[in-house]
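Fold and contact review
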Amino acid sequence: MKSVKLIVHGGAGDISSDTLGIYQKNLKEIWQSGYNLLKEGWDSLSVVEKVISLIEDTGVFDAGTGSFPNKEGYIEMDASIMTSDGRAGAVGGVRTIRNPIRLARLVMEETSHVMLVGEGAERFAEQFNLPPLTPRESPYSISTDTVGAVAMDKRGLISAGTSTGGIRGKIPGRIGDSPIIGAGTYASFWGGISSTGFGEDIIKFGLAKKIDILLRQFPAQMAVDMVVEESKYRGIEFGVIVLDRLGNTGVGYTAKAMAWYPR
Ligand code: GLY
């Protein structure tokens, strides 16, 4: 029986210390409820889905109800989820679903595809009676405060997930890194990763998959430190949480600040 692990994040960027305090308070409470579920025997996939849904519902972060509107004033959200046994699901450009992370899991479990976007994702969602989005733009959120979680359950299954409203004022139809498997989220035998930051950079850098490859040789924090070092030469703004297969956590960011728990 493995000891359970959970790490959550609430984004990285130019976060003021007051806002960081609000983010940390929310993350701590949600982390505690997720950790309790893991100790009760919940699987890591369900816990990651649950804690990210709770974060989406706070309205405080740029995800779910707190998502930024795009250039034309409406919300388009992205999310993804992956397990260390090789399952993955994602949604992009979702407009009406309260919890995109739940829809990402449904894509994973109820289709033969990895990602559904836009109208097709919305039509797919209709059959599951998911709660509708009730937007209330966060008074706190900054331009890249995507949220995410990585967990290991008693059986040793690792799951990782990420959810976002994307960048404020984005062009309608823009998809960031968060639903891209290997950029915003990744999980494998070696560990699990959830990213935050400037999506265009993260996609081109291949952030999550890059860390996954490093986890074959290095513990989580060392793998994170190596990508932070590499990214300095390329001016990439990101934050990342990592859990390796031995239960070690790693956290790093090149942005000015990052919210995560436990810290
Ligand atoms: N990292 C979130 C985004 O760029 O959409």
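Calculation criteria
- Residues numbered from 1 in each chain as written.
- Predicted model: local features only at pLDDT ≥ 70, side-chain atom pairs only at ≥ 80, totals over all residues.
- Heavy atoms only, no water.
- Core = buried A, V, L, I, M, F, W, Y, C linked by side-chain atoms within 4.5 Å.
- Buried < 20%, exposed > 50% of the residue type's maximum accessible area, 1.4 Å probe, protein only.
- Helix = DSSP H or I, 4+ residues; strand = E, 2+ residues; numbered from the N terminus.
- Contact = heavy atoms within 4.5 Å.
- Salt bridge = Lys/Arg side-chain N within 4 Å of Asp/Glu carboxyl O.
- Patch = residues over 30% accessible without salt bridge, like charges linked within 9 Å, V, L, I, M, F, W, Y side chains within 5 Å.
- Areas by Shrake-Rupley, 256 points an atom, 1.4 Å probe, with all protein chains shown as cover.
- Pairing = 2+ DSSP bridges.
- Axes fitted to C-alpha atoms, helices over the stretch in contact; angles between N-to-C directions.
- Polar contact = N/O pair within 3.5 Å; in protein donor to acceptor, adjacent residues only side chain to side chain.
- Near = heavy atom within 4 Å.
- Nonpolar A, V, L, I, M, F, W, Y, C, P; charged D, E, K, R; others polar.

**Remarks on the nonpolar core**
Core analysis: the biggest nonpolar cluster contains 45 residues, and Leu6, Val8, Val51 and Leu103 have the highest contact counts within it. Considering every element that reaches this core, the biggest residue donor is helix 1 (residues 17-40), with 7 residues. Excluding its chain neighbours within four sequence positions, the residues that come into contact with Leu103 are Val91, Val94, Ile97, Ala121, Phe124, Ala125 and Leu130.

**Some details on the pattern of salt bridges**
This structure, assessed with the given rule, holds 14 salt bridges. Between Asp212 and Lys209 there is a salt bridge whose closest N-O contact spans 3.0 Å. Of this pair, Asp212 and Lys209 both sit in helix 6 (residues 207-214), separated by 3 residues, roughly a single helical turn. The salt bridge partner of Asp212 is Arg216, with a shortest N-O separation of 3.0 Å. On the accessibility criterion, Asp212 (0% relative accessible area) is buried. Connected through salt bridges with shared partners, the residues Glu49, Arg102, Arg105 and Glu109 form a single ionic network.

**Things to note about a nonpolar patch on the surface**
A contiguous nonpolar patch, built from Val114, Met115 and Val117 and spanning about 220 Å² of accessible area, is present on the exposed surface. With respect to the secondary-structure elements, Val114 resides in the loop between helix 3 (100-110) and strand 4 (115-117). Classification of Val114 as partly exposed rests on a relative accessible area of 42%.

**Side note on the sheet that holds strand 10 (residues 249-253)**
Here we have 4 strands laid out as an open sheet, ordered 7-8-9-10, and antiparallel in their pairing. The open sheet has two edge strands, strand 7 (185-188) and strand 10, and neither has a second partner. Strand-to-strand twist across the sheet, computed as the mean angle between neighbouring axes with direction ignored, equals 10°.

**Observations concerning the environment of Arg263**
Structurally, Arg263 is set in the segment after strand 11 (257-261). Along the primary structure Arg263 and Ser16 are separated by 247 residues, whereas in three dimensions their C-alpha atoms are 18 Å apart. The residues touching Arg263, leaving out its near neighbours within four places in the chain, are Gln24 and Met258. A polar side-chain atom of Arg263 sits 2.6 Å from a polar atom in the side chain of Gln24. Within the structure, the side chain of Arg263 is placed 3.2 Å from the backbone oxygen of Met258, a separation counted as a polar contact.

**Here's the deal with the site of the ligand**
As a structural note, the neighbourhood of the ligand is formed by Thr146, Thr164, Gly166, Ile167, Arg174, Gly176, Asp177, Ser178, Gly197 and Gly199. Taking Arg174, its side chain carries an N or O atom lying 2.6 Å from an oxygen atom of the ligand. In isolation the ligand has 200 Å² of accessible area, and contact with the protein removes 100% of it. Residues that form the shell around the ligand fall into these classes: 1 nonpolar, 7 polar and 2 charged.

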